[in-house]
Amino acid sequence: MAAVTLAVWGALVVLLLAPSLLPVEWHYYIYSPASVGLWMLAMLISPFVVCAMKWDWIRKGGTRRI
């Protein structure tokens, strides 16, 4: 479960930093208080959602299905 949580947090951090490549004029709209609040909410809730969705995979030890 820790690996799933870290992977989700890593993806969310990459998504947070990706807009920094856009022009500076857009940063106010992308990094508005509402979007940062939603990002923080996603950091708290999404690991639980992913773990619930992948519970069978986690319970079986992450075995690969071929």
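In case you missed it, the structure is sitting above this.
Let me sum up the structure you'll find in this document. (Residues numbered from 1 in each chain as written. Predicted model: local features only at pLDDT ≥ 70, side-chain atom pairs only at ≥ 80, totals over all residues. Heavy atoms only, no water.)

### Things to note about the overall build of the protein chain
As a reminder of what qualifies: Under the scheme used here, helices are H or I runs from DSSP no shorter than 4 residues and strands are E runs no shorter than 2 residues, and both carry numbers assigned from the N terminus. Note on method: radius of gyration uses C-alpha positions; expected globular size equals 2.2 Å times residues raised to 0.38. The buried label goes to any residue with under 20% of its type's maximum accessible area, the exposed label to any with over 50%, and the partly exposed label to all in between, with areas taken from a 1.4 Å probe on protein chains only. Any two residues having at least one pair of non-hydrogen atoms within 4.5 Å are treated as being in contact. The method behind every accessible area is Shrake-Rupley, applied with a 1.4 Å probe, and residues are considered shielded solely by the protein chains displayed.
When helices and strands are tallied, the protein chain shows four helices and zero strands. In terms of overall size, the protein chain is more extended than a compact globule, its C-alpha atoms giving a radius of gyration of 15 Å where 66 residues would be expected to give roughly 11 Å. Projecting the C-alpha coordinates of the protein chain onto the three principal axes gives extents of approximately 50 × 25 × 15 Å. The burial tally for the protein chain puts 17% of its 66 residues in the buried class. Of all intrachain contacts in the protein chain linking residues separated by at least 6 positions in sequence, the fraction that spans at least 24 positions is 61%. Split by element, the accessible area of the protein chain, about 5500 Å² in all, is 76% carbon and sulfur.

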